[in-house]
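# Fold and contact review
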Amino acid sequence: MIGVILTAHGNYASGVYSGLELITGGSENVRVLDFTEDSTPTYEDELKKLIDQTLEEYDQLVIATDLAGGTPFNKSVMLSQSKNNVTVCAGLNFQLAYELAFSTEDLDNSVENAMNSAKEGIVKFENPEQKEDEEDLFEDGI
């Protein structure tokens, strides 16, 4: 199992983890660090400590952040550049967190599969009745 850190702006990371707890009971390999206005002065130090602690327990680590280019992503990349066993990704959503938390594959495959699953999980509901009504409008031509 890989270690997972969820970190994002506001309380988004803890909110995603709250959903994981509700559905699965949580996962011991997942850590959470919110980036809030109050945590700004200590965020980098807290993240470094969390990375080090997680790597003491797990051989591999993925850090999932909300937004590429945002502070959680940038600090995660900066703090993990010298570590070959850490991957940072952006685009945190529930499906990504779920897949990472319960992956049993190696780091690269875990991240790749979780990202693909998260992308495929973004769908738009199409009401079939509404579609039929629209098709009926043009049944006799315009």
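Position numbers for residues start from 1 in each chain and track the written sequence from start to end. Totals for whole chains, interfaces and linings use every residue, but because this is a predicted model, local features are given only for residues with pLDDT of at least 70 and side-chain atom pairs only at 80 or more, for both listing and counting. In computing side-chain properties, one takes all heavy atoms of the structure into account and sets aside hydrogens as well as water.

### Some points on the packing of aromatic side chains
In this scheme Phe, Tyr and Trp rings, the latter by its six-membered ring, pair at centre separations within 6.5 Å, and the angle between planes marks the pair as stacked below 30 degrees, edge-to-face above 60, and tilted otherwise. Under the counting rule described, the total for this entry stands at 3 aromatic pairs. A centroid spacing of 4.8 Å and a plane angle of 65 degrees characterise the contact between phenylalanine 35 and tyrosine 43, whose relative ring orientation is edge-to-face. Summarising the burial analysis for this pair, phenylalanine 35 and tyrosine 43 share the class buried. Ring plane angle 50 degrees and centroid distance 5.3 Å describe the contact between tyrosine 98 and phenylalanine 102, whose orientation is recorded as tilted. Put simply, the rings of Phe94, Tyr98 and Phe102 touch in pairs and so form one group of aromatic residues. For every residue, the accessible area obtained with a 1.4 Å probe (protein chains only) is divided by the maximum for its type, and the residue is called buried under 20%, exposed over 50%, and partly exposed between those limits.

### Quick look at a negative patch on the surface
Judged by side-chain charge, Glu105, Asp106, Asp108 and Glu112 come together as a negatively charged surface patch. Secondary structure elements are taken from DSSP: a helix is a run of H or I of four residues or more, a strand is a run of E of two residues or more, and numbering for both begins at the N terminus. Along the chain, aspartate 106 falls in the loop between helix H4 (94–101) and helix H5 (107–120). Given a relative accessible area of 38%, aspartate 106 falls into the partly exposed group. Exposure above 30% relative accessible area and the absence of a salt bridge qualify a residue for a patch, where like charges join within 9 Å and nonpolar side chains (Val, Leu, Ile, Met, Phe, Trp, Tyr) within 5 Å. All accessibility values rest on the Shrake-Rupley procedure with a 1.4 Å probe; residue burial counts only the protein chains present in the view. Criterion for a salt bridge: a side-chain nitrogen of Lys or Arg within 4 Å of a carboxyl oxygen of Asp or Glu. Under the convention used here, Asp and Glu are negative, Lys and Arg are positive, and both His and the chain ends fall outside the count. Positions of charges follow a simple convention, taking NZ of Lys, CZ of Arg, CG of Asp or CD of Glu.

### Quick notes on the packing of helix H1 (residues 12–24) against H4
An axis is simply a line fitted to the C-alpha atoms; with a helix, the fit covers only the stretch in contact. Between two such axes, the angle follows the N-to-C directions and lies from 0 to 180 degrees. H4 packs onto H1 with a crossing angle of 60 degrees between their chain directions and a minimal axis gap of 10 Å. Comparing their axes, H4 and H1 come out oblique. Regarding H1 and H4, the two cross each other, and that crossing is right-handed. When H1 is examined against H4, the residues Val16, Gly19, Leu20, Ile23 and Thr24 are found in contact with a partner set consisting of Phe94, Ala97, Tyr98 and Ala101. As a working rule, the residues Ala, Val, Leu, Ile, Met, Phe, Trp, Tyr, Cys and Pro are called nonpolar, Asp, Glu, Lys and Arg charged, and the rest polar, with Gly in that last group. The class makeup of the residues in the contact of H1 with H4 is 7 nonpolar, 2 polar and no charged. Angles are sorted into four bins: roughly parallel if under 35 degrees, roughly antiparallel if over 145, roughly perpendicular if 65 to 115, and oblique for all others. Two helices crossing with the near one rotated counterclockwise from the far one by less than a right angle form a left-handed crossing, whereas a clockwise rotation gives a right-handed crossing. In this analysis, two residues are considered to be in contact whenever any of their non-hydrogen atoms come within 4.5 Å of each other.

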